Amino acid sequence: MQKMLIIEDLSALGQISMVSAISVATIMNVKPALLPTIILSTQSEGFGAPVSLTLEQWQNKAIEHWNSLEQEFDTMMIGYIGCISGVQNILSFLPLIRKKKLVVDPAMADQGSLYPNLPLTYPSMISTLCQYADVIVPNLTEACLLAQVDYANDSLNQSKLNQLVDKLVQRFPSTEIIITGVPLANKLAVVYVNKQNIASSMIWSVESIARHFYGTGDIFTAIVSACLAKKMSTKKAVKIAINALELAVKDSAQLTDHELLYGLKMTRLQEYLLDIEGNELDIEGNEIDEK
């Protein structure tokens, strides 16, 4: 069985971040290994300032123990870290971990703004971390921060999107790039840039909904990472993640704003991933553009 190392926050309330990633890995028959970056009493939005506990000393001792056991991971995914010292610590131990592929979700911002309590220097540190990744999975806001361009959600067109992709490719030339939450044709799209720096857009079948669905990035990155652990292509992994999240977003659209703070409804998403695991379904994608 393949193994996936999950490095992100553990929010103690709801099914956000590491909690949802564990669920995805388990359903897809990938053994999860856990290295929490920080323990939070709640997620960072909607509940006020969470009580937090950093775990850097424990992380270092856990990695030392794993290395003594010669543990190796098929994929390693990094999500929300939450502080500069945490990023610095990950950069220090990154070369010590035996892994075949590194997936980084530069979880730091959404809808044009940094997450609460993150310093303005945080994007620069995350950009350094992304230099080591095989795959990065920013949302549109994070992609703009990494590329050092202005956020342009309302005025985004194909020309501006191409410019954004060009800047990201320049900064991360050997990295596969997956930009989520891109508004195109009145719907949401995911833009995938392969190792040959060719970009293609895969559109969701659901229309853009003017609500915030917490935890979608966590789940998307977890699905992509689990698929890569199972040696699927990145493009197929993206298609599976899109299909799965469409189900969760549709089911969660009926929740109240307060209920959404706890994460997505995942029942049909989980059933879909079980079908993928059990039947090796052929995944179709709806590509709308290539650059």
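Structure: above.
In short, a report on the structure. (Residues numbered from 1 in each chain as written. Predicted model: local features only at pLDDT ≥ 70, side-chain atom pairs only at ≥ 80, totals over all residues. Heavy atoms only, no water.)

### Looking at the side chain of T180
Mapped onto the elements, T180 comes out in strand 13 (residues 176–184). Using a relative accessible area of 14% as the deciding quantity, one classes T180 as buried. (Helix = DSSP H or I, 4+ residues; strand = E, 2+ residues; numbered from the N terminus. Buried < 20%, exposed > 50% of the residue type's maximum accessible area, 1.4 Å probe, protein only.)

### Quick notes on the pairing of strand 1 (residues 3–7)
Extensive coverage of strand 1 is indicated by the burial of four of its five residues. Where strand 1 lies against strand 3 (residues 31–34), four bridges are found, and the strand directions are parallel. Looking at strand 3, one finds that K3 is bridged to K31. Both strand 1 and strand 7 (residues 75–78) contribute to a ladder of four bridges, which runs parallel. Residue pairing in the sheet places I6 in a bridge with M77 of strand 7. (Pairing = 2+ DSSP bridges.)

### Considering the environment of I223
Mapped onto the elements, I223 comes out in helix 7 (residues 216–229). What makes I223 buried here is its relative accessible area of 0%. As a C-alpha pair, I223 and Q270 span 47 residues in sequence and 11 Å in three-dimensional space. Not counting chain neighbours up to four residues away, the residues in contact with I223 comprise V24, M28, I240, A241, A244, L269 and L273. (Contact = heavy atoms within 4.5 Å.)

### What about the side chain of D218?
Looking at where D218 falls in the secondary structure, it is placed in helix 7. Taking relative accessible area as the criterion, D218 reaches 12% and is therefore assigned buried. A polar atom in the side chain of D218 sits 3.0 Å from the backbone nitrogen of S17. The residues touching D218, leaving out its near neighbours within four places in the chain, are E8, I16, S17, S20 and D105. (Polar contact = N/O pair within 3.5 Å; in protein donor to acceptor, adjacent residues only side chain to side chain.)

### With respect to the nonpolar core
Residues L5, I78, L164, L168 and I179 are the most contacted members of the largest nonpolar core, which totals 53 residues. Here L164 is in contact with L140, A143, C144, A147, V149 and I179, once residues within four sequence places are set aside. With 49 residues, the next largest nonpolar core counts A237, V238, A244 and V249 among its residues. (Core = buried A, V, L, I, M, F, W, Y, C linked by side-chain atoms within 4.5 Å.)

### Comments concerning helix 4 (residues 122–130)
Most of helix 4 sits out of view: seven of its nine residues are buried. Regarding helix 4, the residues found buried are Y122, P123, M125, I126, S127, L129 and C130.

### Structural notes on helix 6 (residues 158–171)
A rise of 1.5 Å per residue sets the reference length of helix 6, with its 14 residues, at 20 Å; its end C-alpha atoms lie 20 Å apart and thus fit the reference within 8%. If you check which residues of helix 6 are buried, you get L161, L164, V165, L168 and V169. In a view along the axis of helix 6, the buried residues occupy a sector of 135 degrees, so they form one face of it. For helix 6, the capping residue at the N-terminal end is N157, with a side-chain oxygen 3.2 Å from the backbone nitrogen of S159. (Expected span 1.5 Å × (residues − 1). Arc of directions from axis to C-beta.)

### Brief notes about the sheet that holds strand 2 (residues 10–11)
Strand order in the open sheet formed by three strands is 2-4-5, and the pairing between neighbours is mixed. Of all strands in the sheet, those with a lone pairing partner are strand 2 and strand 5 (52–54), marking the two edges. Here two bridges tie strand 2 to strand 4 (residues 38–40), and the two strands are oriented parallel to one another. Following the sheet pairing, L10 is matched in strand 4 by I39.

### Topic: the pairing of strand 13
Across the nine residues that make up strand 13, a large majority, seven, are buried. Across two bridges, strand 12 (residues 135–136) lies against strand 13 in parallel orientation. By the bridge assignment for strand 13, V135 is matched with E176. As paired elements, strand 13 and strand 14 (residues 187–193) share six bridges and run antiparallel to each other. When the sheet's bridge partners are listed, I177 is paired in strand 14 with V193. Hairpin connection from strand 13 to strand 14: two residues lie between these consecutive antiparallel strands, with A185 at a positive phi of about 55 degrees.

### With respect to the pattern of salt bridges
The tally for this structure, following the rule as stated, stands at three salt bridges. Here K231 makes a salt bridge to D74, at a shortest N to O gap of 3.8 Å. You can see K231 sitting in the loop between helix 7 and helix 8 (234–252) and its partner D74 sitting in the loop between strand 6 (72–73) and strand 7, a full 157 residues away along the chain. Each of the salt bridges in this network shares a partner with another, and the network as a whole consists of D74, K100 and K231. (Salt bridge = Lys/Arg side-chain N within 4 Å of Asp/Glu carboxyl O.)

From the geometry alone we can't say anything about function, so treat these as descriptive.
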